[in-house]
Amino acid sequence: QVQLVESGGGLVQPGSSLRLSCAASEMIFSIFTIYYGWYRQAPGKQRELVAIITSGGTTNYADSVKGRFTISRDNAKNTVYLQMNSLKPEDTAVYYCNHQLPPKYDYWGQGTQVTVSS
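Residues numbered from 1 in each chain as written. Predicted model: local features only at pLDDT ≥ 70, side-chain atom pairs only at ≥ 80, totals over all residues. Heavy atoms only, no water.

Colleague: Please give an account of the sheet that holds strand β1 (residues 4–7) that cites residues and values.
Modeller: If you trace the four strands from one edge of the open sheet to the other, you get β1-β3-β8-β7, paired in antiparallel fashion. Looking at strand neighbours, the two that pair on one side only are β1 and β7 (69–74), the edges of this open sheet. With strand direction ignored, the average angle separating the axes of adjacent strands in the sheet is 15°. Across four bridges, the pairing between β1 and strand β3 (residues 18–24) is antiparallel. From the neighbouring strand, valine 5 faces β3, where its bridge partner is alanine 23. (Pairing = 2+ DSSP bridges. Helix = DSSP H or I, 4+ residues; strand = E, 2+ residues; numbered from the N terminus. Axes fitted to C-alpha atoms, helices over the stretch in contact; angles between N-to-C directions.)

Printed below as a string of structure tokens:
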């Protein structure tokens, strides 16, 4: 069982930056592709994918965050990061870390709150 712990959330003003971290208790090793993702869920709304990075280094982003957010990995620290710049009020949500190796593994963190408000 892999445990994921998110950190770095907080209350910031529009236009500010935050960096979220997702620390994993252990690494998944596989010859198949592993997906490391950040999702978010605002009150009363469905959970949505924000960004992903694969074990091969490929990245993808939701249209709403392209050009503002960057996902990255530090294998030595078993950590995935989400750098969030030019934050907007609509970015307010609980952000969740996810590691997947379909169909065998699907791990989630407990989430970290990001609030963007003046």
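Having seen it, we continue.
Colleague: Go over the pattern of salt bridges, please, and point to the residues and values.
Modeller: A complete count under the given rule lists four salt bridges for this structure. For aspartate 91, the salt bridge is made with arginine 40, and the minimal N-O distance between the two is 3.0 Å. On the criterion of sequence distance, the pair formed by aspartate 91 in the loop between β8 (79–84) and β9 (93–101) and arginine 40 in strand β4 (residues 35–41) is long-range, its members being 51 residues apart. Classification of arginine 40 by relative accessible area gives buried; the value is 6%. One salt bridge in this structure joins aspartate 63 and lysine 66, with 3.0 Å as the shortest N-O distance. According to the relative accessible area criterion, aspartate 63 is exposed, its value standing at 67%. If you follow the salt bridges from partner to partner, you end up with Arg40, Glu48, Arg68 and Asp91 in one network. (Salt bridge = Lys/Arg side-chain N within 4 Å of Asp/Glu carboxyl O. Buried < 20%, exposed > 50% of the residue type's maximum accessible area, 1.4 Å probe, protein only.)

Colleague: Outline the environment of tyrosine 61, supporting the account with residue identities and numerical values.
Modeller: Inspection of the secondary structure assignment puts tyrosine 61 in strand β6 (residues 59–61). Distance from tyrosine 61 to asparagine 78, taken between C-alpha atoms, is 21 Å for residues 17 residues apart in sequence. Not counting residues within four places of it along the chain, the set of residues in contact with tyrosine 61 comprises Val50, Ala51, Lys66, Phe69, Thr70 and Ile71. A distance of 3.0 Å separates a polar side-chain atom of tyrosine 61 from the backbone nitrogen of isoleucine 71. (Contact = heavy atoms within 4.5 Å. Polar contact = N/O pair within 3.5 Å; in protein donor to acceptor, adjacent residues only side chain to side chain.)

Colleague: Can you tell me about the packing of aromatic side chains, naming the residues and giving the values?
Modeller: Under the definition given, this model contains two aromatic pairs. For the pair tyrosine 105 and tyrosine 107, a centre-to-centre distance of 5.7 Å together with 25° between the ring planes defines the contact as stacked. Using a relative accessible area of 10% as the deciding quantity, one classes tyrosine 107 as buried. The ring of tyrosine 39 is capped by arginine 47, whose NZ or CZ atom sits 5.7 Å from the centre of that ring. Positioned over the ring face of tryptophan 108 is arginine 47, at 3.8 Å from the centre of the ring. (Phe/Tyr/Trp six-rings, centres within 6.5 Å; stacked < 30°, edge-to-face > 60°. Lys NZ or Arg CZ within 6 Å of the ring centre and 35° of its normal.)

Colleague: Provide a residue-level description of the pairing of β4, including the pertinent values.
Modeller: When a strand is regular, its side chains alternate between the sheet's two faces. Burial analysis of β4 places five of its seven residues in the buried class, which makes it a mostly covered element. Note: β4 against strand β5 (residues 48–54), six bridges, orientation antiparallel. Looking across to β5, one finds that tyrosine 39 is bridged to leucine 49. The antiparallel pairing of β4 with β5 creates a hairpin that spans six residues between the two strands, and glycine 44 there sits at a positive phi of about 75°.

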